Amino acid sequence: KLAKKPFYNLMMFPYPSAEGLHVGNMYAFTGTDIHGRFKRMQGYDVFEPIGLDGFGIHSENYAIKVGRHPAAQAKISEKNFYRQLQMIGNGFAWKEKLETYDPEYYKWTQWIFTQMYKKGLAYRKKSSVNWCPSCKTVLADEQVIAGKCERCNSVAIKKDLEQWFFKITNYAENLLKGLDEIDWSEKVKIAQRNWIGRSEGAEINFKVIFSRHPERSEGSRGSSASPQNDIGIKVFTTRPDTLFGATYMVVAPENPIIQNLESRIKNLEEVKKYLKSTKNKSEEDRIAEGKEKTGVELKGIKAINPANQEEIPVFVADYVLGNVGTGAIMAVPAHDERDFEFARKFKLPIKIVICPHYPKKTCPILDKAYEGEGHLVASGEFDGLNSESAKWEITKFVGGEKKIQYRLRDWLISRQRYWGPPIPMIHCDKCGWQPVPEKDLPVKLPYLKNFRPTGTDHSPLASDEK
């Protein structure tokens, strides 16, 4: 029988991570149930489902703690959690309850995965990921708080692993616009907008040149650099108006260009030593305000500033992150505080190109960078333009491209644990990755006696060939 006036009152299902429900469940479920009762009094037919979010690391860790197999513990938890949920007297639809570890349920999560894969929204790539040595699993960025695992407080380290991702960045703009249409507090909306992090700017290419080998340069005439290559370093900047003030470049330690140019880097051992020292630093630590800047010049390599054709040095430094923008920046120390601190430490040129006092030509820097707007100076034919207008004039002048970037990253979903729905993909040596045919779903989780995490990049499921 269809409801005449339906109202769907959904609350987050509890996950069994302990002996029973905790007070936070009661707090959330009571408020939601009050809302459901209010809607009933208004004449609505209220559907209030309940179940157990029983797959995942929380339940598996508890099973390990009490010395039981997760499948056996799930039956015990199910009985006790439902007993407690009935005791609180909420208007749950008990006939429609579900558990996420029921194959009839996760058949459909697997089906959704295969549809996303077919649409290019689920993909694999090798990436530097957060790893908890205690939980023996990959952590999403949101699960690393101040460099530590949110569950066990162990220091997270970095590992290079091939993982599955969901392409949520395709929906960044939709997510941003959607915030205007939902009834959330402004404080939460601001946090979400900052998390999505929309930036409008320009993508600009800096051509790379190499120093000649010593044996070839001795006694040779002309430039000591060899520009005969098509290698460039792309940067994304929200301030292309400051391009004439770029006096050096910085690539992130994760930027693949370092590996690609190994044969050209004259101080390779020094660079490798620096890369090793930065590997396990948290992002928060790397970009913390007031943190002393560190870095190493890539000797033997220069970049050409496309605005004025000047050769500028290239550094690797950990205050630039590999997964933000292009993983490289044009450093404008006169107009960016982090670049200013780095330039002062490494005695690099600081060139003023934005002046708030125009037409007065001298704008001395005292003890910090000027990051505001103004008019251009020391910028060739663009002198005198206001900085906002100059942004796109200079972008066009150097053959750059207008771009919109987001702070949001694709969602890494792989975990190296047992207790979860198997990813419904088959790897074929001939055809590559292929989704399991819909008629063969669900791919059931096999019962593994040895289910404990391996501490490697492989799930315990890898031990079960079938």
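The rules behind these values
Residues numbered from 1 in each chain as written. Predicted model: local features only at pLDDT ≥ 70, side-chain atom pairs only at ≥ 80, totals over all residues. Heavy atoms only, no water. Helix = DSSP H or I, 4+ residues; strand = E, 2+ residues; numbered from the N terminus. Buried < 20%, exposed > 50% of the residue type's maximum accessible area, 1.4 Å probe, protein only. Areas by Shrake-Rupley, 256 points an atom, 1.4 Å probe, with all protein chains shown as cover. Lys, Arg positive; Asp, Glu negative; His and termini not counted. Charge placed at Lys NZ, Arg CZ, Asp CG, Glu CD. Salt bridge = Lys/Arg side-chain N within 4 Å of Asp/Glu carboxyl O. Pairing = 2+ DSSP bridges. Phe/Tyr/Trp six-rings, centres within 6.5 Å; stacked < 30°, edge-to-face > 60°. Lys NZ or Arg CZ within 6 Å of the ring centre and 35° of its normal.

**Student:** Explain the overall build of the protein here, please?
**Tutor:** The secondary structure content of the protein amounts to 12 helices and 22 strands. Its C-alpha atoms give the protein principal-axis dimensions of about 85 × 55 × 40 Å. Going through the 466 residues of the protein one by one, you find that 41% of them count as buried. With the model as given, the accessible surface of the protein reaches about 26,300 Å², and the carbon-plus-sulfur share is 53%. One way to put it: in the protein the 70 positive side-chain charges average out to a point 4 Å from where the 59 negative ones average out.

**Student:** Teacher, can you tell me more about the pattern of salt bridges here?
**Tutor:** One pass over the structure, following the stated rule, counts 23 salt bridges. Here K118 and E438 are joined by a salt bridge, their closest N and O atoms 3.4 Å apart. Of this pair, K118 sits in helix α4 (residues 103-118) while E438 sits in the segment after β22 (432-435), placing them 320 residues apart in sequence. For the salt bridge of K293 with E341, the shortest nitrogen-to-oxygen distance reads 2.7 Å. Placement of K293 in the loop between α10 (283-287) and β14 (296-304) and of E341 in helix α11 (residues 337-346) is noted, with a sequence separation of 48 residues between them. The class of E341 is partly exposed, set by a relative accessible area of 29%. It is possible to trace a salt-bridge network through shared partners that takes in E173, R198 and E200.

**Student:** Explain the sheet that holds strand β20 (residues 411-412) to me, please; I cannot follow it from the model alone.
**Tutor:** Either a parallel or an antiparallel arrangement is found when strands of a sheet pair, and the pairing is made through backbone hydrogen bonds. Ordered in space as β6-β5-β9-β20, the four strands form an open sheet in which the pairing is antiparallel. Each end of this open sheet is capped by a strand with a single partner; those strands are β6 (137-139) and β20.

**Student:** Would you mind showing me how to read the packing of aromatic side chains here?
**Tutor:** The geometry of an aromatic ring pair comes down to the distance between the two centres and the angle between the two planes. Taken as a whole and judged by the stated rule, the model has 25 aromatic pairs. Where F342 meets F346, the ring centres are 4.4 Å apart and the plane angle is 25°; that geometry is what we call stacked. In this pair, F342 and F346 both sit in helix α11, four residues apart, roughly one turn of the helix. Under the relative-accessibility criterion, F342 is labelled buried at 0%. By way of ring pairs, the aromatic residues F55, Y101, Y106, Y418, W419 and F451 are connected into one cluster. A cation over a ring is seen here: K39 above F7, with NZ or CZ 5.2 Å from the ring centre.

**Student:** Please clarify how the pairing of strand β15 (residues 311-316) should be interpreted in this entry.
**Tutor:** Put simply, side chains in a regular strand alternate between the two faces of the sheet. Among the six residues of β15, five are classified as buried, and the element is accordingly described as predominantly covered. Two elements, strand β13 (residues 248-251) and β15, share three bridges in a ladder whose sense is parallel. The partner of V251 across the bridge, within β15, is V316. Two strands pair when backbone bridges link them, and β14 and β15 are joined in this way by five bridges, in the antiparallel orientation. Bridge assignment links K302 to a residue of β15, and that residue is P313. Hairpin connection between β14 and β15: a loop of six residues separates the two successive antiparallel strands, and Q309 in this loop has a positive phi of roughly 65°.

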